[in-house]
Amino acid sequence: MADKFFFTEVYKSISFSYQRLFIILLSVFIGALTCSAFLNIYFDIDTKLSKELKAYGANVMLNPKEEQNFISNDEFERLKQDLQAKAVSPFLFEFFNLGSTSAIVLGTDFKALKITKPFMELKSGSLSLNDLDDKSAILGVDLAKQLEKKVGDEVQIYNQNNGKSLKLTIKAIVSSSDEFDSLLLATLSVVQNLSDTQGINYANAVVYGDYESINAKAQTLTNDSTEVKPISSVSLSESFVLNKIKALMFLIILVILIIVTTSVNTTLSAIIFSRKKEIALRLALGATKSQIITLFASECFVVSLVASIMGALCGIVLANVFGIIIFNAHIDFRFKALFAACIISLIFALIAAVFPLRQALKINVCENLKGE
């Protein structure tokens, strides 16, 4: 019976101050919404942003040991399989005659190259995989000017060491503002056949994961003939960017929670001030200070609990909105993010309620009942 009376009192208390309590509900809701959204992103950002950053090029290199000149085809295929990379681009450089001049011809994998070196600017032609085959060539912009060739022309490649020659059709002219501008690119099998080489000089790869996991995998794959290592400037920069973004998210959450705390504090203070005569009357009728605290604390807790649950659930939706806009992917749901958002928002609401509740106990019963 006493419990029923207490719940009735809490319900009436909430009904009496519902307009001001709505501000508390909205404040805690926003706090929980922000916490839930950013915590869900925080727990998923390593995967999502890591994939996003991998779009900027290779982060792992496969090199022959110093005493070796090449990585054999069998060794390359084995490492490619074990590395489980998104893409692995082999590189074989050979010096051939190209009609009136000589130049370096690069044998590679066109499909993988588009991933490991994504910023080649297409000047003319097409880099579509449907247009590229073993009879296709890609010219760097500087070499194209030197040879006076354009898309659709044929280029004769001749190896004076073994007398082999081959004609390739130019399918694209590209610019990358590096050594690729002066190269002719062909498929690896074509260059290996022309040079009688059954290996590659080195390879670049795009591997998902943070620097520590990539470095650990690289160390296990390194052997007596081949060294596998992360490109530190890329992998460490990625880790640095991730840490900075996580720190920024925590700062945003902290600022919003401070604003929420201030809003809850001022609103609850206003509620208590408007009901000081009611508090004085309750004290005069024999209510203890602990009962007064329990009543207002329960009122605040119920509103905050409802708001935090609603905010945490809506935060999942907001996290996915951010995920689609920023990463073009959905954010995975994690219960621990939902639970943490509820707990954090409730803790800050509790902190905000401490001072107003203490003030409620300092009300002068006589002065308030006399109307002064």
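Residues numbered from 1 in each chain as written. Predicted model: local features only at pLDDT ≥ 70, side-chain atom pairs only at ≥ 80, totals over all residues. Heavy atoms only, no water.

(A) Layout of the side chain of threonine 108. On the secondary structure map, threonine 108 appears in strand β4 (residues 101-108). A distance of 2.9 Å separates a polar side-chain atom of threonine 108 from the backbone oxygen of proline 90. (Helix = DSSP H or I, 4+ residues; strand = E, 2+ residues; numbered from the N terminus. Polar contact = N/O pair within 3.5 Å; in protein donor to acceptor, adjacent residues only side chain to side chain.)

(B) Structural view of the pairing of strand β7 (residues 154-158). A one-sided burial pattern is seen for β7, the buried positions being Val155 and Ile157 and the unburied ones Glu154, Gln156 and Tyr158. Bridge count between β7 and strand β8 (residues 165-175): 5 bridges; the pairing is antiparallel. Counterpart to valine 155 in the pairing with β8 is leucine 168. (Buried < 20%, exposed > 50% of the residue type's maximum accessible area, 1.4 Å probe, protein only. Pairing = 2+ DSSP bridges.)

(C) Structural detail: the pairing of β4. Counting buried residues along β4, 6 of its 8 residues qualify, which places the element largely inside the surrounding structure. Sheet analysis places strand β3 (residues 87-98) next to β4, joined by 7 bridges and oriented antiparallel. Across the sheet, residue phenylalanine 93 finds its bridge partner in β4, namely leucine 106. In this sheet, strand β9 (residues 184-187) lies alongside β4 in parallel orientation, the contact comprising 4 bridges. Across the sheet, residue threonine 108 finds its bridge partner in β9, namely threonine 187.

(D) Up close: unusual backbone geometry. We note that glutamine 84 has phi near 50°; this positive angle belongs to a residue other than glycine. Assignment of secondary structure puts glutamine 84 in the loop between α3 (73-83) and β3. Of note in the backbone geometry, serine 177 takes a positive phi value of approximately 55° without being a glycine. As for its position among the elements, serine 177 is in the loop between β8 and β9.

(E) Region of interest: the nonpolar core. Residues Leu62, Leu98 and Leu184 are the most contacted members of the largest nonpolar core, which totals 37 residues. Not counting residues up to four positions away in its chain, the partners in contact with leucine 62 are Ile71, Leu79, Leu83, Tyr202, Ala203, Ala205, Glu227 and Val228. In this structure, Phe29, Leu33, Cys300 and Leu357 belong to the second largest nonpolar core, which totals 19 residues. (Core = buried A, V, L, I, M, F, W, Y, C linked by side-chain atoms within 4.5 Å. Contact = heavy atoms within 4.5 Å.)

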